[in-house]
Amino acid sequence: MNKDKVVVVGMARSGVAAAMLLAGQGKNVVVCDAKSRDELEKQLAPLKDIKNIEYMLADESKNALDGAGTLILSPGVPMTNPLIAEAVSKGIEVISEIELAYRNDKGTLVAITGTNGKTTTTALTGEIFQNAGKLTYVVGNIGLPYTNVVSETMPESVTVCEVSSFQLESVVDYRPKVSAVLNITEDHLNRHGDMKTYIAMKERIFENQRDDDVVVLNYDDEVTRDMSNRAKCRVEWFSRLNKPEHGAFVVAGFIVYGKKDDYRTICNVADVSIPGPHNLENALAATAMAMSAGIPAPVIRHTLRTFKGVEHRMEYVRTLDDVRYINDSKGTNVDSTIKAIQSMTAPTVIILGGSDKHVSMLPLAREVAVGNISHVVLCGATSAVIAKALDEVGYADYENADMDFERAVDMARKAAKPGGNVLLSPACASFDLFRDFEHRGEEFKRIVNGLS
């Protein structure tokens, strides 16, 4: 076994970044993917001038593990991949891209997971640390791979990392100084099989944390509240609805931090720049993490007042014919889209549908029926599943664009009324028609901005 030979599986952004990091360290890198070189031409472009990389793509990966010391997994590679079983049988270590990055990080790690709100909370927390004068890297599932920046880290730097359950499947030593689990609702059952496994994967974010570390948990979420029983580190809470023993919560319209009977005021809830109750929860989580890390309250207050949100998450695109177009392509699960619907204060045409995660669409259909939704346009692989759920709750004001996304936007435009909204919040993953949710959001914005 050669410890200098490392195999990287999955040539999306994380896999490419991991290969570049390893090659830069002088490792002999083998990159594998089920797709061919032609199919991966764009993704592999950053690697083209690196000499110590070998390509074993499509059907060429049969002997990829011969002599290898480590197998690195991109988030999109399921644990059922045959290379993983082969690696385990040969005694080859199998780790995720974020585990590789963590082992090379020279600074402090702050990590965030949960079903919904990860991207917004990660971006907000990163901005708080940046505003406090910290050298800060915002990475992970948010779009920039952890391995992309880890070689730049220093003892005084802070890495704020958004982490998915996929990435946590194969961590080993991964140990944030401060971690957070924002909430848990049904998601990714096509990958994990059941909720018990999904929850167990989320809990891995704090499994290596100890006495001098902190995990921030949602007191209002029964599942995350129960996680405190398995945490071996200090637990801080955040709550929109209650007063926990210690953490960030709301009192008389103000965000506060401390004990439930001894706290300091951070800012007025009305001053939080990003709207909606779900974003208040994100702000509370970020406050608890930042205060736990010693960031001054005035810095947190300023950031909560000025933070403008993230791309593809309730992102205003334009107003045309007195109709507001909103890009929530990051709404990739039912609970996230329900929160988006609850934020709508005017009659809204919503575009729903995408690739299937094998979750129930009935909660979404019920919210459509009682929310401010005037019309539904279905598009993508889950159109029939969502239509069936809408039928079950008696909501009939929908139409189907099949697999034509541009047609879906056109249908939404025609159905929208002046003073209302068109909202893209699919409640599904994007892989039936797009590379990822960002590609879907960019296409939505391109189409909308091209409307005359």
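Above this text is the structure in question.
Being a predicted model, the structure only gives us computed values, none of them experimental. (Residues numbered from 1 in each chain as written. Predicted model: local features only at pLDDT ≥ 70, side-chain atom pairs only at ≥ 80, totals over all residues. Heavy atoms only, no water.)

A. Main features of the overall build of the protein chain. Across its full length, the protein chain carries 17 helices and 20 strands. Here the protein chain has a C-alpha radius of gyration of 22 Å; the compact-globule value for 452 residues is 22 Å, and the two agree. A principal-axis box enclosing the C-alpha atoms of the protein chain has dimensions of 65 × 55 × 40 Å. Relative to its full complement of 452 residues, the protein chain shows a buried share of 58%. Considering only contacts in the protein chain between residues 6 or more positions apart, those separated by 24 or more positions represent 66%. Accessible surface, the protein chain: about 18,500 Å² in total, of which carbon and sulfur atoms supply 49%. Taken as two groups, the 50 positive and 60 negative side-chain charges of the protein chain have centres that lie 3 Å from each other. (Helix = DSSP H or I, 4+ residues; strand = E, 2+ residues; numbered from the N terminus. Rg over C-alpha atoms; globule rule 2.2 N^0.38 Å. Buried < 20%, exposed > 50% of the residue type's maximum accessible area, 1.4 Å probe, protein only. Contact = heavy atoms within 4.5 Å. Areas by Shrake-Rupley, 256 points an atom, 1.4 Å probe, with all protein chains shown as cover. Lys, Arg positive; Asp, Glu negative; His and termini not counted. Charge placed at Lys NZ, Arg CZ, Asp CG, Glu CD.)

B. Region of the structure containing the environment of Ala384. Examined against the element boundaries, Ala384 turns out to sit in helix H15 (residues 383-392). Distance from Ala384 to Glu169, taken between C-alpha atoms, is 31 Å for residues 215 residues apart in sequence.

C. Summary view of the packing of helix H16 (residues 405-415) against helix H17 (residues 437-449). Direction vectors running N to C along H16 and H17 enclose 50°, while the axes themselves pass 10 Å from each other. Judged by the angle between their axes, H16 and H17 are oblique. Like other packed secondary-structure pairs, H16 and H17 cross with a definite hand, here right-handed. Packed against H16, whose contacting residues are Phe405, Glu406 and Val409, the element H17 presents Arg440, Glu443, Phe444, Arg446, Ile447 and Val448 at the interface. Broken down by class, the residue content of the contact of H16 with H17 amounts to five nonpolar, no polar and four charged. (Axes fitted to C-alpha atoms, helices over the stretch in contact; angles between N-to-C directions. Parallel < 35°, antiparallel > 145°, perpendicular 65-115°, else oblique. Left-handed = near helix turned anticlockwise from the far one by under 90°. Nonpolar A, V, L, I, M, F, W, Y, C, P; charged D, E, K, R; others polar.)

D. How the structure looks around the pairing of strand E2 (residues 28-33). In terms of burial, E2 is a largely internal element, five of the six residues being buried. The pairing of E2 with strand E3 (residues 53-57) spans five bridges and is parallel. The partner of Val30 across the bridge, within E3, is Glu54. (Pairing = 2+ DSSP bridges.)

E. Geometry of the packing of aromatic side chains. Per the stated rule, a full pass over the model turns up four aromatic pairs. The interplanar angle of 80° and the centroid separation of 5.8 Å between the aromatic rings of Phe249 and Tyr263 together place this pair among those described as edge-to-face. With a gap of 14 residues between them, Phe249 in strand E12 (residues 246-251) and Tyr263 in strand E14 (residues 262-268) connect regions that are remote in the sequence. Take Phe249: its relative accessible area is 0%, and that puts it in the buried class. Residue classification places Tyr263 among the partly exposed residues on the basis of a relative accessible area of 34%. With 5.1 Å between their ring centres and 80° between their planes, Phe405 and Phe434 make a pair best called edge-to-face. Pair noted here: Phe405 is in helix H16 and Phe434 is in the loop between strand E20 (421-424) and H17, with a separation of 29 residues, a long-range link. Among the residues examined, Phe405 registers a relative accessible area of 9% and is labelled buried. Classification of Phe434 by relative accessible area gives buried; the value is 11%. Sitting over the ring of Tyr55, Arg37 keeps its end group 4.4 Å from the ring centre. (Phe/Tyr/Trp six-rings, centres within 6.5 Å; stacked < 30°, edge-to-face > 60°. Lys NZ or Arg CZ within 6 Å of the ring centre and 35° of its normal.)

Taken by themselves, the reported measurements are silent on function.
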